[in-house]
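So the chains spell out like this:
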Amino acid sequence: MSMFSTGVLVLTSPLHALPPRIAPVLSSAAQLVERTLYVHLHPGLNLGSAAQARPVCIPAGRDLSGLITRLYSNAASVCGHLDVRVLLTHVRSRGLGVNPFPRPQALAHRPEVVLTDFALPDPGRPGPARQSLRAYALSCYACAPSLTSVLLNPQLDVAAEDCAGGPAELLETYSDVVVGGTFDRLHGAHKTLLNFSCLLADKRFLIGVSDRELLKNKVLKELIEPYAQRVQKLREFLQDVKPSLQVEIVPLADPYGPSITDPRLQCIVVSEETRKGGEAVNRKRLENGLPKLVLHEIQLIKDAHHSDTEEEKISSSSLRTRLLGTLLSPPKENPHIPPFPYVIGLTGGSGSGKSSIARRLEGLGAVWIDSDRLGHETYQPGAPAYHRVLQEFGPDIRNEDDTINRRALGRKVFGNKEKLKCLTDIVWPEIALLVKKQIRDAGEKGKTVCVVDAAVLLEAGWTDLVHEVWVTIIPEEEAVARITRRDGASEEDARRRLASQWTNAQQVEHANVVLCTLWEPEVTQRQVQKAWDLLQERISQRRRNLSSSL
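Residues numbered from 1 in each chain as written. Predicted model: local features only at pLDDT ≥ 70, side-chain atom pairs only at ≥ 80, totals over all residues. Heavy atoms only, no water.

Colleague: Provide a residue-level description of the sheet that holds strand S17 (residues 513–516), including the pertinent values.
Modeller: Pairing in this open sheet of five strands is parallel, and the strands run S14-S15-S13-S16-S17 from one edge to the other. Sheet topology places strand S14 (367–370) and S17 at the edges, where each strand pairs with a single neighbour. Strand-to-strand twist in this sheet, taken as the mean axis angle between neighbours without regard to direction, amounts to 25 degrees. One ladder, built from five bridges, connects strand S13 (residues 342–348) with strand S15 (residues 449–453); its direction is parallel. Looking at S15, one finds that Ile344 is bridged to Val451. Contacting S13, S14, S15, strand S16 (468–473) and S17, helix H8 (residues 354–363) runs over the sheet at an angle of about 155 degrees to S13. (Pairing = 2+ DSSP bridges. Helix = DSSP H or I, 4+ residues; strand = E, 2+ residues; numbered from the N terminus. Axes fitted to C-alpha atoms, helices over the stretch in contact; angles between N-to-C directions. Contact = heavy atoms within 4.5 Å.)

Pasting the structure below:
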């Protein structure tokens, strides 16, 4: 059967009997769905009867909240590539007799296939059950007209005594619920927190999203999605999960936001690691003359795929770390340069480890073109830029052997934008010519990849010389420590040097690939190897495309 972009998985097993079935059912679903999988819980649904199965409300019980955690945890382990969303439209804490779907609910992604774990009493007669499943899905959700239905039958038997179950212990719910967080690249832990909050909230759900100052100390903060993008993804997810909720999303410039001033709030949902933050919120509320919030704590989800250097729990920082070395944005075709050798423009701020990355790439087979060394050549007597620099900045920058004293030259341009631009207008074009020559020489020798190591790659506009831009980043404090240790500069001078360069965030905006040398050398090597291996795949695809176009 062909793959579908989006699907709905209708789980009919009793909630208490479902846990051992979740992983195999999700694994089966992942064989058919490749992007978004909506999960609809309807324990006891009978798709095998003559009457058409109809949706009913199910109670918001404690067993349901635990099951949701298990669903997202299992999804992270067995089908991490899927965007799994547990739907709660028909989950109610009260008013269970109300029709949960007066009209089919529109989801952000229209389902093309509906799947179920319904166990057929007679596996030889799947036809009516499939029709019933399709009709049921169409009564709940706005699906593709050509909706396909599939019965999944993992080899797991549920004993009859396991199906009886007992009455659900209902969750206490609240009119107004609040949570806070960064919500970068929604993952299973985020979704568990949001789903549980939706279970608890009857009317309004207030979400504080960390921004600006609260992001400063985050790992790889430059890779955090923009605030507007994070908010848009939150809104889409919550509209799918529980469209009846009034959702309010506000930026957080401090750890508290409106949680300590909003008198309507009744409950705050926290995780094990943010419980102290919830307790601090309550202390502030008491200081402000407001009642304490009920604290609901959820468990953290273990990350089955974490490495030795990552947290054991599913976290955004681990996901950002895994982006290092991968292609963050596809390279744009550059018709002004030959397809080969394939040229990587490698840049980064002072102390970012750019040269160590270039050296590692050279070890893997790339030609390393060091623009800083080429810059030295442009200042040599007889070089095209030599006399122009002396003419512009005076003979007092010349050493006794007639070479240019770059320290003296640096003192003349430092802090003077006009003089600095005058210098770069002379030198940068000459360096670019030398870079082009070295790329041509590498091509004539049959080399496949060149790495142009250039701190000023972006400022100088040399992106038209390369096929891809790779950026190395490092936290500012670490960069300062490295510069002072390496160059003997004062901390003040190191910070001034960094302030005169493009920021990490500015450079990342132009990056196809990002690398970071913050950790041990072997971690850097793994990043570089991953980036190199993925690059080889792109180059192979490029060769195939060129061959097919001939």
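Colleague: Which residues make up the pattern of salt bridges, and what are the values?
Modeller: For the structure on display, the rule yields 34 salt bridges. Its salt-bridge partner being Arg62, residue Glu169 comes within 3.2 Å of it at the nearest N-O pair. Note that Glu169 is positioned in the loop between strand S7 (148–151) and strand S8 (174–181) and Arg62 in helix H2 (residues 62–78), a separation of 107 residues in sequence. Judged by its relative accessible area of 51%, Glu169 falls in the exposed class. Classification of Arg62 as partly exposed rests on a relative accessible area of 39%. (Salt bridge = Lys/Arg side-chain N within 4 Å of Asp/Glu carboxyl O. Buried < 20%, exposed > 50% of the residue type's maximum accessible area, 1.4 Å probe, protein only.)

Colleague: Explain the sheet that holds strand S10 (residues 246–252) to me, and be specific about the residues and the numbers.
Modeller: The strands making up a sheet associate through hydrogen bonds between their backbones, and the pairing can be parallel or antiparallel. Spatial ordering of the open sheet is given by S10-S9-S8-S11-S12, a layout of five strands whose pairing is parallel. Each having just a single partner strand, S10 and strand S12 (294–298) make up the two edges of the open sheet. Mean inter-strand twist for the sheet, computed between neighbouring axes without regard to direction, equals 25 degrees. Packed on one face of the sheet, helix H4 (residues 188–200) meets S8, strand S9 (201–210), strand S11 (267–271) and S12 and runs near 150 degrees to S9.

Colleague: For the environment of Tyr141, give the residues involved together with the corresponding values.
Modeller: When you line up the elements, Tyr141 lands in the loop between helix H3 (127–140) and S7. Accessibility expressed as a relative area gives 1% for Tyr141, which makes it buried. Measuring from C-alpha to C-alpha, the distance between Tyr141 and Phe101 comes to 8.3 Å, with 40 residues separating the pair along the chain. Contact partners of Tyr141, with chain neighbours within four places excluded, come to Val8, His40, Leu87, Phe101, Pro104, Gln105 and Leu107.

Colleague: Could you give an account of the packing of aromatic side chains, naming the residues involved and the relevant values?
Modeller: Pairs of aromatic rings are described using the distance from one ring centre to the other and the angle between the two planes. A complete count under the given rule lists one aromatic pair for this structure. Centroid distance Phe101 to Tyr141: 5.4 Å. Interplanar angle 75 degrees. Geometry classified as edge-to-face. With Phe101 in the loop between strand S5 (91–92) and strand S6 (113–116) and Tyr141 in the loop between H3 and S7, the pair connects residues that are 40 residues apart, well separated along the chain. Classification of Phe101 by relative accessible area gives buried; the value is 5%. One Lys or Arg, Arg543, reaches over the ring of Phe340 and ends 4.2 Å from the middle of that ring. (Phe/Tyr/Trp six-rings, centres within 6.5 Å; stacked < 30°, edge-to-face > 60°. Lys NZ or Arg CZ within 6 Å of the ring centre and 35° of its normal.)

Colleague: Describe in detail the side chain of Thr12, supporting the description with residues and values.
Modeller: As for its placement among the helices and strands, Thr12 is situated in the loop between strand S1 (4–11) and helix H1 (19–30). Residues within four places of Thr12 in sequence aside, it is in contact with His42, Pro43, Gly44, Leu45, Thr116, Asp117 and Phe118.

Colleague: Any details on the nonpolar core? Residues and values, ideally.
Modeller: One broad trend across soluble globular proteins is that nonpolar side chains are buried collectively. In this structure, Leu41, Leu115 and Ile207 are the most contacted members of the largest nonpolar core, which totals 62 residues. Here Ile207 is in contact with Val179, Phe183, Leu194, Leu234, Leu238, Val247, Glu248, Ile249 and Val250, once residues within four sequence places are set aside. Residues Leu409, Ala460, Val469 and Ala511 belong to the second largest nonpolar core, which totals 48 residues. (Core = buried A, V, L, I, M, F, W, Y, C linked by side-chain atoms within 4.5 Å.)

Colleague: Tell me about unusual backbone geometry, residues and numbers included.
Modeller: Cis rather than trans, the peptide bond between Phe340 and Pro341 has omega equal to 0 degrees. At Arg185, a residue that is not glycine, the phi angle is positive and equals roughly 55 degrees. One can find Arg185 in the loop between S8 and H4. Of note, the phi angle at Asp402 is positive, near 75 degrees, even though the residue is not glycine. Mapped onto the secondary structure, Asp402 falls in the loop between helix H10 (384–393) and helix H11 (406–413).

Colleague: Please give an account of the packing of helix H9 (residues 371–378) against helix H12 (residues 417–444) that cites residues and values.
Modeller: Between H9 and H12, the least distance of the axes is 9 Å, while the angle of their chain directions is 120 degrees. Regarding the angle of H9 to H12, the classification is oblique. Where H9 crosses over H12, the handedness of that crossing is right-handed. Where H9 approaches H12, its residues Ser371, Arg373, Leu374, Gly375, Glu377 and Thr378 are matched on the opposing element by Val427, Glu430, Ile431, Leu434, Val435 and Gln438. (Parallel < 35°, antiparallel > 145°, perpendicular 65-115°, else oblique. Left-handed = near helix turned anticlockwise from the far one by under 90°.)

Colleague: Lay out H12 with the relevant residues and their values.
Modeller: An α-helical segment advances 3.6 residues per turn. Residues three or four places apart therefore align on the same side. Relative to the 40 Å expected for 28 residues at 1.5 Å per residue, H12 spans 40 Å between its end C-alpha atoms, a close match to the ideal helical length. Residue Thr424 marks the point of greatest curvature in H12, where the axis turns by about 30 degrees. Those residues of H12 not exposed but buried are Leu423, Thr424, Ile426, Val427, Glu430, Ile431, Ala432, Val435, Ile439 and Ala442. Close packing links the buried residues of H12 with S13, S14, H9, H10, H11 and S15. With a side-chain oxygen positioned 3.2 Å from the backbone nitrogen of Glu418, the residue opening H12 is Asn416. Following H12 by one or two positions, Gly446 has its phi on the positive side, about 80 degrees. (Expected span 1.5 Å × (residues − 1). Bend = angle between axes of the 7 residues up to and from the residue. Polar contact = N/O pair within 3.5 Å; in protein donor to acceptor, adjacent residues only side chain to side chain.)

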